[in-house]
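# Architecture at a glance
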Amino acid sequence: MEAVVSTQSTGMNNLINNFPLYLEEKDMRKCVISSDVEYVLSLLHHVLTVGEVQVRTILSQPISRVMLLALSSHDTITRRVAYTCVHKTLLLVEEEKFKEKSMCLYLLKMIRNSIISTEERLPHLSTYFLGKVLHALFLP
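Between its first and last C-alpha, helix 6 (residues 101–114) extends 20 Å over 14 residues, near the 20 Å set by a 1.5 Å rise per residue. Buried within helix 6 are the following residues: Cys104, Leu105, Leu107, Leu108 and Ile111. An end-on view of helix 6 places all buried positions within 165 degrees of arc, on one side of the element. Counted as exposed and oriented over 90 degrees from the buried face of helix 6: Ser102, Tyr106 and Asn113.

See the structure below:
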C-alpha cells in the first residue's frame, strides 16, 4: 500500500489545527498518523538555509503558520527550532523584493522584538492570530 503525502493546503491546515498529518492512499481513504512538528520545522529550516525557494512562496503557504504556532509549543526544542526558522525567514525577507515585504518585515520584527529569551513560550492565541495575519497578507 503506497501512501503519498498530500501537498494540498488542507493537509497542512490539519497539521496546524489538530497536529495530525493526513496521508492519502490510492483508494482515497484517509488515515491519520502522528506528526512530528519538530521534523516539519527542521525541514523548513533546511529549505530556508538552502535558499532555493523564494521566501514569499514559503510565507504564503500554511507551513509559515506552523512555524508561528510552534512558538507556543510546550516543548523547548520545538520552540528553539521555530525561533531559528523565524530568524532565518526574517533574514531572507530582508534580502528579497516582493509586494508584501514591508508588512512581513514588520510582523517578523515585532515577533523578534517581543521575545526576551529563546526559552520563552508565547501565548497560543497570539501565535494563532499572528499566523492568521500572515496568511491574510497573501490573500488577493
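On we go.
For the pair helix 2 (residues 37–50) and helix 5 (residues 76–95), interaxial distance at closest approach is 9 Å and the crossing angle is 25 degrees. If you check the angle between helix 2 and helix 5, you find them roughly parallel. Judged by the twist between their axes, the crossing of helix 2 over helix 5 is left-handed. Contacts between helix 2 and helix 5 involve Val37, Glu38, Leu41, Ser42, Leu44, His45, Leu48 and Thr49 on the former and, on the latter, Ile77, Thr78, Val81, Ala82, Thr84, Cys85, Lys88, Thr89 and Leu92. Looking at the contact of helix 2 with helix 5 residue by residue, the classes come out as nine nonpolar, six polar and two charged.

Grouped together as the largest cluster of nonpolar side chains are 33 residues, with contacts concentrated most on Leu41, Leu59, Leu68, Leu71, Val93 and Ile111. Elements with a minimum of two residues in this core: helix 2, helix 3 (55–59), helix 4 (63–69), helix 5, helix 6 and helix 7 (124–137). Once residues within four sequence positions are removed from consideration, Leu71 is found in contact with Arg79, Ala82, Tyr83, Val86, Ile111, Glu120, Arg121, Leu122 and Thr127.

On to the environment of Val81. Along the polypeptide, Val81 turns up in helix 5. Between the C-alpha atom of Val81 and that of Leu44, which follows or precedes it by 37 residues, the distance is 9.6 Å. Among all residues touching Val81, those that are not within four sequence positions of it are Leu41 and Ser42.

Here we come to the side chain of Thr78. Looking at the element boundaries, Thr78 is found in helix 5. The class of Thr78 is buried, set by a relative accessible area of 7%. Side-chain polar atoms of Thr78 contact the side chain of Asp75, separated by 2.9 Å. Discounting residues that sit within four places of it in the chain, Thr78 has contacts with Val37, Glu38, Leu41, Ala70 and Ser73.

In the contact formed by helix 5 and helix 6, the axes pass within 10 Å of each other and the chain directions differ by 150 degrees. Classified by the angle their axes make, helix 5 and helix 6 are roughly antiparallel. You can see that helix 5 and helix 6 cross each other, and the crossing is left-handed. Contacts between helix 5 and helix 6 involve Val86, Thr89, Leu90, Val93 and Glu94 from the former and Lys101, Cys104, Leu105, Leu108, Lys109, Ile111 and Arg112 from the latter. Of the residues belonging to the contact of helix 5 with helix 6, the class tally is seven nonpolar, one polar and four charged.

Below, the discussion takes up the confidence of the model for the chain. In the predicted model, the chain carries a mean pLDDT of 77, and 74% of its residues have values of at least 70. Counting contacts from residues 1–9, a segment whose pLDDT is below 50, to residues more than four positions away or on other chains yields 13 contacts. Within the model, the stretch residues 18–34 combines pLDDT values under 50 with 35 contacts to residues more than four positions away or in other chains.

So, how was this worked out
- Residues numbered from 1 in each chain as written.
- Predicted model: local features only at pLDDT ≥ 70, side-chain atom pairs only at ≥ 80, totals over all residues.
- Heavy atoms only, no water.
- Helix = DSSP H or I, 4+ residues; strand = E, 2+ residues; numbered from the N terminus.
- Expected span 1.5 Å × (residues − 1).
- Buried < 20%, exposed > 50% of the residue type's maximum accessible area, 1.4 Å probe, protein only.
- Arc of directions from axis to C-beta.
- Axes fitted to C-alpha atoms, helices over the stretch in contact; angles between N-to-C directions.
- Parallel < 35°, antiparallel > 145°, perpendicular 65-115°, else oblique.
- Left-handed = near helix turned anticlockwise from the far one by under 90°.
- Contact = heavy atoms within 4.5 Å.
- Nonpolar A, V, L, I, M, F, W, Y, C, P; charged D, E, K, R; others polar.
- Core = buried A, V, L, I, M, F, W, Y, C linked by side-chain atoms within 4.5 Å.
- Polar contact = N/O pair within 3.5 Å; in protein donor to acceptor, adjacent residues only side chain to side chain.
- pLDDT = per-residue confidence, 0-100.

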